[in-house]
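Report on the structure
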Amino acid sequence: MFADLCMELLQEIGSQLAFRDLKSLRVVRRDIGIAMGYLFYSSVILRSGNLTSENRCTAGDIWFLKRLASGETGWSLYATALRIESRMRTTKLQFTSDAVTEDLFVSALESMTNIRTVFWRVRVYDPPWMIDAVRHYLHSLPRLDDLSVVLDTGVQLPLNWTLSIQSLKVEAPCCRQCRIVNQVSRIATGSHGLTTLHVTGFNDWSALWSTLRADNNLSIRLREIKTNIITSDLLSYLCSYSGIEILCLTENLTVALHPKVEGSRAKSDRLADIFFHSVLPLHTDSLVELAWLGAFEGSWSFGTHNVHAISTLLRLRSLTVSVNAWDVGDVEPHRNVVTLLFRMACDMPCLGELTVCSLAPDICRGTVCLRRIRSHKNKVRRLVVLAMEIFGHEILRRTSRPTWRLWIEPSEVVPEYNLYQVKLSRARQGPHEILRVYCQVPQLF
């Protein structure tokens, strides 16, 4: 009976399976294998490290390249996602200069013409011939939409600005790569259909946001932005238009404590005021996912000073906020910001996921006190969980507002996040609506 289903239904079932289960299902029957071939061959991984190492390049690697280069495999027909990475860190002494391997690598890439999504990890000792081959291949793809590049320390971005893509994600961990900002700016301004931009690392991306805000680039209105360095130029760009849907501004201690990035509490609070009072009102009707996390406690955290700006985002489906220790400890329940946060969340009809984080204390700004920071974050997390439980009991005792009830139940689904599943029941609205709440401690580095 299963084999009698149409191909569309079989592929829909296959899309819900893990890769291992999909691989087993393909060998059940020939017709099922044909239906699942589109999903099985939809992505391919090339381990570039094995091809550049004298000790790792095996007969299996060469055989796989030959199969790809022949153009007769399912990957040549169906592959839409390509991942190029190396799990090992090679050295210059391990390079091979086998012309046959180079030609096979180029031919294997050229056989896959339907690729639309590429993830490329560029190592510091990747040979020039491989970087050139991948760069020429990317510029030859007719329908490349999504490009993610992760750069090793000391590696320049091996691209020019003739790409036309919809999504660009660049992770550049080294702060010395000043040219990368200009390269990303040229790629972004040259891709008029660009809607998603992720830029992370130690680089100051102010020049990028200023370029996008220029009069001749106003047609580039990003719908998704993720970055870990918040600057006035970024906020100015966000104030230049409306319609962003996903916005994630998350700093970490590694970035915040770096000499080129580190700022004062006053500067951080000033940027927070601009964000809540000038940026958010422009994107009220479009935001569906919002996250903002400073590295230290301050005005970026949720509180009475920004609850009004956030409560107007009625289309939000996912929200990530942080809280200050002084707003959750040694305060009366009705003044606890967690209570305020839950009351606001109950009035947001589309909200399905809420993440509450603790941050490093402001007294540690400019210093590295890992033990003190870790202890402080864990203490705040425990206070948040306690406030959640108190709020849940308070709701159960209420009789003056029978239109909705709320339960807070511990769950083991995501134990490392201390997941609490909050069930919100609204009168006259059918089944229970689920609001998942994560109380977590962000990674220090």
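Treat the numbers as computed from the prediction; the structure is a model and nothing was measured.

Our next topic: the overall build of the chain. Scanning the chain from terminus to terminus reveals 16 helices and 14 strands. Within the chain, buried positions represent 50% of all 445 residues. Looking at the chain alone, contacts between residues at least 24 apart form 68% of all its contacts between residues at least 6 apart. Put simply, the chain shows about 22000 Å² of open surface, and 51% of that area lies on carbon and sulfur atoms.

Time to look at the pattern of salt bridges. According to the stated counting rule, one finds six salt bridges in the structure shown. Residue E85 pairs with R83 through a salt bridge whose shortest N-O separation is 3.0 Å. Close ionic contact of E245 with R223 constitutes a salt bridge, the shortest N to O distance being 4.0 Å. Of this pair, E245 sits in the loop between helix 11 (232-238) and strand 8 (246-250) while R223 sits in the loop between helix 10 (206-213) and strand 7 (224-227), placing them 22 residues apart in sequence.

Along helix 10, the residues that are buried comprise S206, L208, W209 and L212. Summarising the axial view, the buried residues of helix 10 lie within an arc of 160°, below the 170-degree limit, and thus occupy one face.

Moving on: the packing of aromatic side chains. Inspection of the entire model under this criterion finds nine aromatic pairs. An angle of 25° between the planes, with centres 5.9 Å apart, marks the rings of W209 and Y237 as stacked. Here Y237 lies in helix 11 and W209 lies in helix 10, a separation of 28 residues in the sequence. Take W209: its relative accessible area is 0%, and that puts it in the buried class. Following the ring pairs from residue to residue traces out a cluster consisting of F275, F276, W292 and W300.

All right, on to the pairing of strand 1 (residues 43-47) then. The alternating pattern of strand 1 places V44 and L46 on a buried face and S43, I45 and R47 on a face that is not buried. Bridge count between strand 1 and strand 2 (residues 81-85): five bridges; the pairing is parallel. For L46, the partnering residue across the bridge sits in strand 2 and is I84.

Time to look at the pairing of strand 7. Taken together, the four bridges between strand 6 (residues 196-201) and strand 7 define a ladder with parallel strand orientation. Across the sheet, H198 pairs through a bridge with K226, a residue of strand 7. Pairing of strand 7 with strand 8, which is carried by four bridges, proceeds in the parallel orientation. Its bridge partner lying in strand 8, I225 is registered against L247. At this point the chain moves from strand 7, through helix 11, to the parallel strand 8, and the crossover so formed is right-handed.

Looking now at the packing of helix 7 (residues 99-110) against helix 8 (residues 128-140). Put simply, helix 7 and helix 8 touch, their axes get as near as 10 Å, and they point 20° apart. As judged from the angle between their axes, helix 7 and helix 8 are roughly parallel. Crossing of helix 7 against helix 8: the hand is right-handed. Residues E102, F105, V106, L109 and E110 of helix 7 pack against W129, M130, A133, V134 and Y137 of helix 8.

Turning our attention to the nonpolar core. Residues W209 and F275 are the most contacted members of the largest nonpolar core, which totals 96 residues. Ranked by residue count, the leading element in this core is helix 8, at seven residues. Ignoring sequence-local partners within four residues, the contact set of F275 consists of L235, L247, L249, L280, L290, W292 and W300. Listed in part, the five residues of the second largest apolar core include F296, A360, C364 and I373.

What follows concerns the confidence of the model for the chain. For the chain, per-residue confidence averages 76 on the pLDDT scale, and residues scoring 70 or more make up 66% of the total. Mean pLDDT in the chain bottoms out at strand 12 (residues 404-410), which sits at 48, and peaks at strand 7, which reaches 95. Taken as a whole, residues 410-418 scores under 50 in pLDDT and shows 11 contacts with residues more than four places along the chain or in a different chain. Confidence drops under a pLDDT of 50 for residues 424-432, and excluding neighbours within four residues, the segment shows 19 contacts in the predicted structure.

Taking 1.5 Å as the rise per residue, helix 8 with 13 residues should run 18 Å; its terminal C-alpha atoms sit 18 Å apart, in good agreement. Buried within helix 8 are the following residues: W129, M130, I131, A133, V134, Y137 and L138.

Once that is clear, we can look at the environment of L104. Within the secondary structure, L104 is located in helix 7. For L104, a relative accessible area of 13% corresponds to the buried category. Spatially, the C-alpha atom of L104 lies 8.0 Å from that of I62, the residues being 42 residues apart in sequence.

Moving on to the side chain of S111. With respect to the element layout, S111 can be found in the loop between helix 7 and strand 3 (117-122). S111 sits in the buried class, given a relative accessible area of 15%. Excluding its chain neighbours within four sequence positions, the residues that come into contact with S111 are L68, A69, G71 and S76.

So, about the environment of S278. With respect to the helices, strands and loops of the structure, S278 is situated in helix 13 (residues 265-279). Classification of S278 by relative accessible area gives partly exposed; the value is 35%. On a C-alpha basis, the gap between S278 and L235 in space is 8.6 Å, while along the polypeptide they are 43 residues apart.

It is worth spelling out the environment of T73 at this point. By the secondary structure assignment, T73 is in the loop between helix 5 (59-70) and helix 6 (74-78). In the structure, T73 is positioned 39 residues away from M112 in sequence and 9.8 Å away in space, judged by C-alpha atoms. Not counting chain neighbours up to four residues away, the residues in contact with T73 comprise R67 and L68.

What counts as what
- Residues numbered from 1 in each chain as written.
- Predicted model: local features only at pLDDT ≥ 70, side-chain atom pairs only at ≥ 80, totals over all residues.
- Heavy atoms only, no water.
- Helix = DSSP H or I, 4+ residues; strand = E, 2+ residues; numbered from the N terminus.
- Buried < 20%, exposed > 50% of the residue type's maximum accessible area, 1.4 Å probe, protein only.
- Contact = heavy atoms within 4.5 Å.
- Areas by Shrake-Rupley, 256 points an atom, 1.4 Å probe, with all protein chains shown as cover.
- Salt bridge = Lys/Arg side-chain N within 4 Å of Asp/Glu carboxyl O.
- Arc of directions from axis to C-beta.
- Phe/Tyr/Trp six-rings, centres within 6.5 Å; stacked < 30°, edge-to-face > 60°.
- Pairing = 2+ DSSP bridges.
- Right-handed = clockwise from strand over helix to strand, strands pointing away.
- Axes fitted to C-alpha atoms, helices over the stretch in contact; angles between N-to-C directions.
- Parallel < 35°, antiparallel > 145°, perpendicular 65-115°, else oblique.
- Left-handed = near helix turned anticlockwise from the far one by under 90°.
- Core = buried A, V, L, I, M, F, W, Y, C linked by side-chain atoms within 4.5 Å.
- pLDDT = per-residue confidence, 0-100.
- Expected span 1.5 Å × (residues − 1).

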